[in-house]
Structures are given as structure tokens and as C-alpha cells.
Amino acid sequence: MTETVNTPNAADSVEFPPIADQAGPDYDRFGVMEPKAYDAILLASFGGPEGQDDVIPFLRNVTKGRGIPDERLEEVATHYRANGGVSPINAQNRALKAALEAELSSRGIELPVYWGNRNWDPYIPQTLQQMHDDGHRRVLTVATSAYSCYSSCRQYREDMGMALRSTGLEGTMDLDKARQYFNHPGFVEPFAEGLAAGLKEIREELAAAGKGEENGGKLHILFATHSIPTADAEAAGPRPLAAELCERTGAQPGEANGADVYSAQHLDVAEQILARVPEAEGVEWSLVYQSRSGAPHVPWLEPDINDAMEDLAQGEAGADGALAGVVVVPLGFVSDHMEVVWDLDTEAKETAEELGLAFRRTPTPGTHPSFVSGLVDIVEERLGTREGRAAVGCFGAWYDVCRPNCCSKVMRDGTVRPTTSAVDADVKGTAAASTVEG
Ligand SMILES: CC1=C(CCC(=O)O)c2cc3nc(cc4[nH]c(cc5[nH]c(cc1n2)c(C)c5CCC(=O)O)c(CCC(=O)O)c4C)C(CCC(=O)O)=C3C
Ligand SMILES: [Fe+2]
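Numbering of residues starts from 1 in every chain and runs along the sequence as written. Labels follow written order: the first chain is A, the first ligand is 1, and so on. The model is predicted, so local features are restricted to residues of pLDDT at least 70 and side-chain atom pairs to those at 80 or more, both for listing and for counting; the totals for chains, interfaces and linings are taken over all residues.

- As recorded in an unreviewed UniProt entry, the protein goes by Coproporphyrin III ferrochelatase and comes from Micrococcus terreus.
- Reading the Subcellular location (unreviewed entry) entry of the UniProt record for the protein gives the comment "Cytoplasm".
- UniProt positions are given in the numbering used here, feature names are shortened, and annotations may be inferred rather than shown by experiment. Per UniProt, the protein has the following entry under Catalytic activity (unreviewed entry): "Fe-coproporphyrin III + 2 H(+) = coproporphyrin III + Fe(2+)".

**Side note on the domain arrangement of the protein**
For interface size, the figure often reported is the accessible area lost on association.
Point 1. For the purposes of this description, domain bounds are those given by an automatic or database domain assignment. Segmentation of the protein into domains returns domain 1 (3-182 + 368-383) and domain 2 (185-361).
Point 2. Between the C-alpha centres of domain 1 and domain 2 the distance comes to 27 Å.
Point 3. Here, residue contact means that the backbone-derived C-beta atoms of the two residues sit within 7 Å. Facing the 26 residues of domain 1 at the interface are 26 residues of domain 2.
Point 4. Under the scheme used here, helices are H or I runs from DSSP no shorter than 4 residues and strands are E runs no shorter than 2 residues, and both carry numbers assigned from the N terminus. Of all the elements in the fold, those that place two or more residues in the side of domain 1 that touches domain 2 are helix H2 (70-81), helix H3 (89-106), helix H5 (150-167) and helix H14 (369-383).
Point 5. It is H14 that provides the largest number of residues to the side of domain 1 that touches domain 2, a total of six residues.
Point 6. Each residue gets one of three labels, nonpolar for Ala, Val, Leu, Ile, Met, Phe, Trp, Tyr, Cys and Pro, charged for Asp, Glu, Lys and Arg, and polar for the others, Gly among them. Across the side of domain 1 that touches domain 2, the residue classes break down as twelve nonpolar, twelve polar and two charged.

**Here we look at the UniProt feature "binding site: Fe(2+)" (unreviewed entry) in the protein**
Point 1. Per the UniProt annotation, the sites labelled "binding site: Fe(2+)" (unreviewed entry) are His226 and Glu339. Considering the C-alpha atoms alone, the annotated residues occupy 114 residues of sequence yet fold into one spot, their largest mutual distance being 8.3 Å.
Point 2. With respect to the helices and strands, His226 occurs in strand E7 (residues 218-226).
Point 3. To sort residues by exposure, count the other C-beta atoms lying within 10 Å of each residue's C-beta; 20 or more gives buried, 12 or fewer gives exposed, and values between give partly exposed, all with C-beta atoms placed from the backbone. A tally of 23 C-beta atoms within 10 Å means that His226 is categorised as buried.
Point 4. Excluding residues within four positions of it along the chain, His226 makes contact with Gln290, Ser291, Gly332 and Glu339.
Point 5. Looking at the secondary structure, you find Glu339 in helix H12 (residues 338-341).
Point 6. With residues near it in sequence (within four places) discarded, Glu339 still touches His226, Ser291 and Phe333.

**Observations concerning helix H13 (residues 343-354)**
Point 1. An ideal rise of 1.5 Å per residue puts 16 Å on twelve residues; H13 measures up with 15 Å between its terminal C-alpha atoms.
Point 2. Inspection of H13 places Asp343, Leu344, Ala348 and Ala352 among the buried residues, and these make up the whole buried set. What you see down the axis of H13 is that its buried residues fit within an arc of 95°, all on one side. Exposed side chains of H13 directed beyond 90 degrees from the buried face belong to Glu350, Glu353 and Glu354.
Point 3. Just downstream of H13, Gly356 is the residue with a positive phi angle, here 70°. An expected span of 1.5 Å times one less than the residue number is assigned to each helix. Along the arc lie the directions from the helix axis toward the C-beta atoms.

**A closer look at the sheet that holds E7**
Each strand in a sheet pairs with another by means of backbone hydrogen bonds, the pair being arranged parallel or else antiparallel.
Point 1. A pair of strands is labelled paired if DSSP reports no fewer than 2 bridges between them. In spatial order, the strands read E8-E7-E9-E10; together these four strands make up an open sheet with parallel pairing. A single partner strand is all that each edge strand has here, and the edge strands are strand E8 (284-290) and strand E10 (358-361). Each neighbouring strand pair of the sheet contributes to a mean axis angle of 25°, computed without reference to strand direction.
Point 2. The sheet contact formed by E7 and strand E9 (residues 323-329) spans six bridges and is parallel. Axes, fitted as lines to C-alpha atoms, cover a helix only where it is in contact. Angles between the N-to-C directions of the axes lie from 0 to 180 degrees.

**Focus: the site of ligand 1**
Point 1. Nearness between a residue and a molecule or strand is assessed with a C-beta atom placed from the backbone; a distance within 6 Å qualifies. Taken together, 26 residues form the shell around ligand 1, and within it Gly48, Ser87, Ser293, His337 and Met338 come nearest.
Point 2. When residues of the shell around ligand 1 are traced back to their parent elements, those giving at least two are helix H1 (55-63), H2, H5 and H12.
Point 3. At three residues, H1 tops the list of elements feeding residues into the shell around ligand 1.
Point 4. Tallied by class, the residues present in the shell around ligand 1 amount to ten nonpolar, 13 polar and three charged.
Point 5. Composition of the shell around ligand 1 by domain shows at least three residues from each of domain 1 (3-182 + 368-383) and domain 2 (185-361).

**Considerations on the packing of helix H6 (residues 185-208) against H14**
Point 1. At a closest axis distance of 7 Å, the pairing of H6 and H14 adopts a crossing angle of 170°. Judged by the inter-axis angle, H6 sits roughly antiparallel to H14. In this structure, H6 uses Pro185, Gly186, Phe187, Glu189 and Pro190 to contact H14, whose residues at the interface are Ser370, Phe371, Ser373, Gly374, Leu375 and Asp377.
Point 2. Looking at the contact of H6 with H14 residue by residue, the classes come out as five nonpolar, four polar and two charged. Orientation is classified from the angle alone, with under 35 degrees giving roughly parallel, over 145 giving roughly antiparallel, 65 to 115 giving roughly perpendicular, and any other angle giving oblique.

**Quick look at the sheet that holds strand E4 (residues 113-117)**
Point 1. Pairing is parallel across the open sheet formed by four strands, whose spatial order is E4-E3-E5-E6. Of all strands in the sheet, those with a lone pairing partner are E4 and strand E6 (174-177), marking the two edges. Going across the sheet, the axis of each strand differs from the next one's by a mean of 30°, ignoring polarity.
Point 2. One ladder, built from five bridges, connects strand E3 (residues 40-45) with E4; its direction is parallel. Across the sheet, residue Leu42 finds its bridge partner in E4, namely Tyr114.
Point 3. Along the sheet face, H3 touches E3 and E4 and points at about 160° away from the line of E3.

What follows is the structure, given as C-alpha cells:
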């Protein structure tokens, strides 16, 4: 079954085939899939250019049909150009693939890991074809995106569905996607470790300069994630979801209560990171957004990290010159790719310097052993070789399969892009079957 889908640019209409698993008989109506004997893993990522000649073709792939203005493309191109036209993301994915292979093999799990991208070579369809040629038929996709929104979740399922169609492999392979892991302890722990170290370093630097807390110098922790259109954030899930899911796990929604699901997940993770870092006690913090693109009249999540630093420096904390430094925790990102090394390490750092603030950016999970081991735990959940579905914070383990309409793409005219009946399968997710730790 195929439906023609509206994109903002009608000329770019694409056909979305059904995505193999969404209406499968093994879906138990509770967001948890029955274990399966997968025979390979697809590490799915964003992809990035490998040289100057790749930059513009890559950016055109990323923005295909989305109406990103040319000036914005040129501006983003300079971020890559400054780095020799190379995004750090591919090297990071090769390292993650190797780390996953090592962890799987140390647990005696014989599953090969393949790597495919949405926007650059190796593309997901060519990788899928290779997997098929190598005899694999039951594939579990692990994506390098932790949270729930169109770009991080549903779009990967669309990528998988379109790849099955374009390769002609539809119906010959079983292709499932692992759950979003923003609140898996293996994802949260590396950030906590990084925040503890970042606070220690910035305190030493400020103390040496006579601007430490003992002299009234204040610190602020900025948890940074990718901005998305507010409409997409709302579409990640219904607004009272935090309270509803938290009620089921018996936890308090905290800061997450009442926020859109995308922001709520980040607020919940920020609180979980803080709860693991005693050194952060009493330090003020906020969730900020970065890397906005798109037309200026379309509302995206705010505040932008640079505006937030200016407001902080000019506000109550800064008025008496008390704000001395910021520690930026890039909790929205899996690795130190271009959005991190440019938008944070270059732009946000420069803003901090202009404002006279000390600046520390803490690490992303990358190939941290807790993160790699956490991803393999999730693979084992799906293989049925591991009991329980670990999660910290108030939500519980996220759905193995999205709820109907979850993470849909909101069009510029405000309508939700229709999905295939397979994606819209009559399923009702709940976090009830998950375990909550910490
Ligand atoms: C939520 C989210 C994540 C985090 C989750 C995840 O990690 O998946 C993420 C990651 C990334 N975003 C990346 C790069 C880009 N994102 C763009 C554009 C956009 N991102 C969006 C959202 C996200 N993006 C959105 C709503 C847009 C506009 C509309 C669109 O086009 O969908 C553009 C276009 C130009 C511009 O910035 O305007 C580029 C070049 C790279 C690669 C970096 C590298 O090369 O190292 C990575 C990992
Ligand atoms: Fe992006």
C-alpha cells in the first residue's frame, strides 16, 4: 500500500511505503515488541561530508524539499569548510560501530553491525542491499538519535521504509527499530561524569582568577539540545504525556510536567544528570536550544543558547557582575559532530568570551563504555536475552514502536503529514511494562 505524501515542496512529493514492523502481529499493544532472533544490526545515522566537494551535495540532501533558504545553506557550508569540508560524524560512527562490535562479541553475541546514513555515503538503501546480499533477513536498527521528534525517530522509520522500497526488498526482510534511549542509564551516566569534571575544571579556573564562588562568582549550567519547530515538538506526543507516564511509573514529573514531549524528555534527563552530580547542588541551570534553521516566521523552540547567555549576563545573576561562568552540557547529542564542535565550541564559546564568562563544554557519550554497553543492553532486550527495560527519570522505558501519529511531521500550513496505514497501525503504547531505576 502506498500513499503520496505532501511535502512543503509539492514538486518533491515522495511515496512512503509501509514500514515493515509497525502493524506486525508480534506487537503486543503495549509499546513493547516480542523478542526476535535478529541476525544483524543496522547502525543508522545522519551522515556527513568527507571533503570540500561533498559539502553542498550533502547539504542539498539534508534539506531536500524542506525549503531551507540558500543563504542558510551557504552559512552552514562555512562550518564544514572551516573543518576541511569534513564532518566529524562519520569517524565517530565508525568508532561507535567498532565499539558495538567489540561489546557484542565480548558478550558472545554473534550479530554483525552494518552502518548506513540518511544523508551521505554509505546510504541506508545501499547498506540494506548489502545486508540482504549477505543473507540477513531480520534486522534491528539502532539510530544515533536519543530523543523523540520527527528527525530523531519517525524519519528513521521512513528512511527504512523508503530503503526497502527503493531496493525492491520490501516483503523480503523484517526491519525493526530499537527504542529511543534518552533516559537509558547508559546515555545519562556519561553526561553526569562530564558535568562533574566540567564543574571541577571551571571552578579551578575561576578560583585562580579570583572569580570563584568564594568571591561571589556564580556558575550556571546550560543543558543544550537541537532546536526544532515548536509544532514538531508538540507532535512528538501529547502535552500531558509526562504526567500520565510518570503516574504509571510512580515517579514525579518534575520540570518535565506540562512541557511538549521533546522538551519534557530533555528536562527529565537534565534532572537525572543533576541528581548524579553532588557538585552541581545549588547551581542554577536551564534548558537551552541551538542550531535553529528554517524561515524566521516559523516558531522554533527557544531560548537560543547565545540569547540565553546574554540574558543571564544582563539579568539578576549578571547584574552585579556575579555570573562568572557557564558549563554547557550537550545532552541532546550522541557524539561531538558538527552541531557540537561548531555551534557550541565555536559560536557559543565566542558569545561567552564576549560576555566575559568562563566556558566549559562537557563531552557527549561518543564511545563511552556505559553508552556502548547501554545500547547493547537494548539490543539484548529485543533479542529476549535480557530481563527488564532500564530507564531513569519519570517516563520509564520508551516505546519499541511509536504510538499512532507520534513524531509526525507538521507541515508549514499546520497540517500533519499523513502517514501510511502501517505507521498508523492500531497500536496503543504505554510505559507500564518498563522498569524504572534511580
Ligand atoms: C533534532 C535534531 C538533531 C538531533 C538528533 C540527531 O542527532 O539526529 C539533529 C542532528 C544533526 N543535524 C545535523 C546537520 C544538519 N541539520 C540540519 C537541519 C535540521 N536539523 C533538525 C533537527 C535535528 N538535527 C531540523 C528540524 C532541521 C531543519 C529541517 C531539516 O532539514 O530537517 C541541517 C540543514 C542546514 C541547517 O542547519 O539549517 C544540517 C546540515 C547533523 C550532522 C552534523 C555533522 O555533520 O557533523 C546532526 C547529527
Ligand atoms: Fe540537524
